[in-house]
Amino acid sequence: MVESNFGLICTELSRAAKIEATLRDSHDKIVLSMRYFAGTAKKDDPLAVTMHLVAQDLAEVQDHRDVMINRMDNAVVGRLFEYKTTVQNFRKTSRQYRNQVQDPLFKASMDSFSANVCDIKKILSDYVCIEMAFHARALEALTKAHQHLQAKGTRECRLPPANNLSGGCLLRVAESEHSLSGTPDGNKDARP
């Protein structure tokens, strides 16, 4: 029972690492698309510059995700599968020497098993730390991306005509005045 439940944990952690890898690949495609857009626009186009900066920040997130995947594979999944094998070997040994408690091989096997049980907490702690490190670093990079998108000052960006039926549309992008203490429309005078 313990072996099958433990095997399920190993399998699910391995599956999570594979899902993260797929997610990384999808985000890499988004970054490439943003870089392509920025590369085809005029060099002095503010949107192209912003798109390039945001793409760099999002690529940084994916670099951190890649590190997380490698660490999960090596420090967590690999070590848990090793432990699973140890548990299976212990079960075989314990059945074999069930009545021979004084046998030195059985005692050595018990000591090894006890040490490995203590390692489980360390392995799962490593998993939690790896996840926390990724999310902390990702949050830093995403914060930079958000700051690039919330450019200071007011500027004008020309949008292409909609379906070529009308002239260009003028969009005003204002400096973000929103804060947690203000109102949704940015009016800071409406504070309680």
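Residues numbered from 1 in each chain as written. Predicted model: local features only at pLDDT ≥ 70, side-chain atom pairs only at ≥ 80, totals over all residues. Heavy atoms only, no water.

1. Some remarks on the confidence of the model for the protein chain
Part 1 of the argument: Residues of the protein chain with pLDDT of at least 70 account for 62%, and the chain-wide mean is 75.
Part 2 of the argument: Mean pLDDT across the elements of the protein chain bottoms out in strand β2 (residues 169-173) (35) and peaks in helix α1 (residues 2-40) (89).
Part 3 of the argument: Between residues 161-192, whose pLDDT stays under 50, and residues either more than four places distant or in other chains, the model counts 36 contacts. (pLDDT = per-residue confidence, 0-100. Helix = DSSP H or I, 4+ residues; strand = E, 2+ residues; numbered from the N terminus. Contact = heavy atoms within 4.5 Å.)

2. Digging into the side chain of D57
Part 1 of the argument: With respect to the element layout, D57 can be found in helix α2 (residues 46-96).
Part 2 of the argument: Of the side chains with opposite charge, K144 comes closest to the buried, unpaired D57, at an N-O distance of 4.1 Å.
Part 3 of the argument: At a separation of 3.2 Å, a polar atom in the side chain of D57 contacts the main-chain amide nitrogen of A145.
Part 4 of the argument: Residues contacting D57, with those up to four places away along its chain left out, are A141, K144, A145 and H148. (Buried < 20%, exposed > 50% of the residue type's maximum accessible area, 1.4 Å probe, protein only. Lys, Arg positive; Asp, Glu negative; His and termini not counted. Salt bridge = Lys/Arg side-chain N within 4 Å of Asp/Glu carboxyl O. Polar contact = N/O pair within 3.5 Å; in protein donor to acceptor, adjacent residues only side chain to side chain.)

3. Focus on the pattern of salt bridges
Where charged atoms from two side chains of opposite charge come close, those side chains can pair.
Part 1 of the argument: Using the criterion set out here, one finds 7 salt bridges in the structure.
Part 2 of the argument: E60 is the salt-bridge partner of K144, the closest N and O atoms lying 2.9 Å from each other. With K144 in helix α3 (residues 104-149) and E60 in helix α2, this pair connects stretches of sequence that are 84 residues apart.
Part 3 of the argument: We classify E60 as partly exposed; its relative accessible area is 24%.

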